[in-house]
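# Reading the structure
Residues per chain are reported as follows:
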Amino acid sequence: MEKGALSQEEPREVGLLHAMIGRKAIMAISGVVLFGYVVGHLLGNLQVFLGRERINAYAAFLHATPSLLWGTRAILLASVVFHVMSAVQLARLSSAARPVGYHARGTIQASWSSRTMLWSGAAIALFVVYHLLHQTVGTAHPDFRPGDVYSNLVVGFRQVPSSIAYIAALVLLGMHLRHGGWAMVFSLGFARGGSFRGWRRFVFAFTVVLILGYISIPLAVMAGLVG
Ligand code: HEM
């Protein structure tokens with residue numbers, strides 16, 4: 001009897017599991033691409049500490065190479081679409097898979113953290129829209145000068161409310177990356193056996209350095225060290 005009951009349950013569970021593994025892989029791969037962009041973007045932005053000529057020349061180089069600019073934009077956009085789609089699908093699958101009984105506790109925890117990830121992800125998306133209007137399009141900037149990235153950053157971050165919004169969004173991004181980084185390490189199968197702790201520490205340390213690197217820019221402008 002029990003055997004029959006199990007074999008009826010199994011196909012649905014296995015199907016859900018396969019669907020979840022597939023979505024997690026898409027989520028992890030698109031997450032790696034976005035993470036790579038965030039690292040590269042920081043390295044580019046840190047050139048603000050080397051002076052106006054340096055960062056403006058870097059921006060001019062990027063804009064003078066349309067294949068690089070539009071290629072990066074296309075890959076970024078596709079990664080954002082895949083990342084958001086798989087996040088929403090995973091949240092649905094995880095609530096469809098929520099069983100009763102001895103699995104309940106772990107599943108409730110998992111869906112709590114994935115819901116937190118959905119909210120922080122949505123907040124980061126809103127930040128990126130504001131950021132594009134602020135630093136790329138210029139409509140949310142007090143004195144936007146096309147091509148003068150240095151001036152756009154300095155004038156933009158001298159506005160304290162804007163800098164605070166950036167710092168808050170960056171802290172949220174750090175939390176998102178830390179949790180996402182751990183999940184990615186699992187999804188892509190890096191954290192096996194004893195390496196789990198090491199990966200956890202690495203992801204945490206990397207995220208802290210990354211976010212502090214970004215936050216140093218508005219802080220340096222507000223402190224008068226840049227500008
Ligand atoms: C303090 C933090 C940040 C600073 C100072 C900064 C600076 C900039 C600047 C100056 C631009 C315009 C570059 C140009 O037009 O040549 C830009 C564009 C952009 N930023 Fe940031 N950024 C920061 C954080 C972020 C974060 C955290 C993300 C992603 C989560 C991000 C995503 C983008 C994107 C997608 C663009 C548009 C790139 C393009 O034109 O194709 N930025 N950023």
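Note that the structure is a prediction, hence the values are computed from the model and not measured.

This next bit is on the overall build of the protein. When helices and strands are counted, the protein shows seven helices and zero strands. Counting every position in the protein, which comprises 227 residues, the buried fraction comes to 33%. A separation threshold of at least 6 residues defines the contact pool for the protein, and within that pool the share at least 24 residues apart is 69%. In the structure as shown, the protein presents an accessible area of about 14200 Å², 70% of it carried by carbon and sulfur atoms.

Next up on the list: helix α2 (residues 52–63). Helix length check: α2, at 12 residues, gives a terminal C-alpha distance of 16 Å against a target of 16 Å (1.5 Å per residue), a fit within 8%. For α2, the complete set of buried residues consists of Ile-55, Asn-56 and Ala-59. The arc that holds every buried residue of α2, seen down its axis, measures 95°, which confines them to one face.

A separate point is a nonpolar patch on the surface. A cluster of nonpolar side chains, namely Ile-29, Val-32, Val-33, Ile-75, Leu-188 and Phe-190, defines an oily patch on the protein surface of about 490 Å² accessible area. The element best represented in the nonpolar patch is helix α1 (residues 2–45), accounting for three residues. Looking at the element boundaries, Ile-75 is found in helix α3 (residues 66–96). Classification of Ile-75 by relative accessible area gives exposed; the value is 52%.

Conventions used here
As a convention, each chain's residues are numbered from 1 in the sequence order in which they are written. Restriction of local features to residues with pLDDT of at least 70 applies here, the model being predicted, together with a cutoff of 80 or more for giving and counting side-chain atom pairs; totals for whole chains, interfaces and linings are based on all residues. Side-chain metrics in this entry use all non-hydrogen atoms of the structure; hydrogen atoms and water are not considered. Helix and strand definitions follow DSSP, with helices as H or I runs of at least four residues and strands as E runs of at least two, each counted in order from the N terminus. Throughout this description, buried means an accessible area under 20% of the type-specific maximum (1.4 Å probe, protein chains only), exposed means over 50%, and partly exposed covers the range between. Contacts between residues were defined by any pair of non-hydrogen atoms, one from each residue, lying within 4.5 Å. In these tables, accessible area is a Shrake-Rupley quantity obtained with a 1.4 Å probe, and a residue counts as shielded only by the protein chains included in the view. By this rule, a helix spans an expected 1.5 Å times one less than how many residues it contains. Directions are taken from the helix axis to each C-beta atom, and the arc is the one they span. Patches in this entry comprise residues that are over 30% relatively accessible and not in a salt bridge; like charges within 9 Å are linked, as are nonpolar side chains (Val, Leu, Ile, Met, Phe, Trp, Tyr) within 5 Å. Whenever a carboxyl oxygen of Asp or Glu lies within 4 Å of a side-chain nitrogen of Lys or Arg, that contact is scored as a salt bridge.

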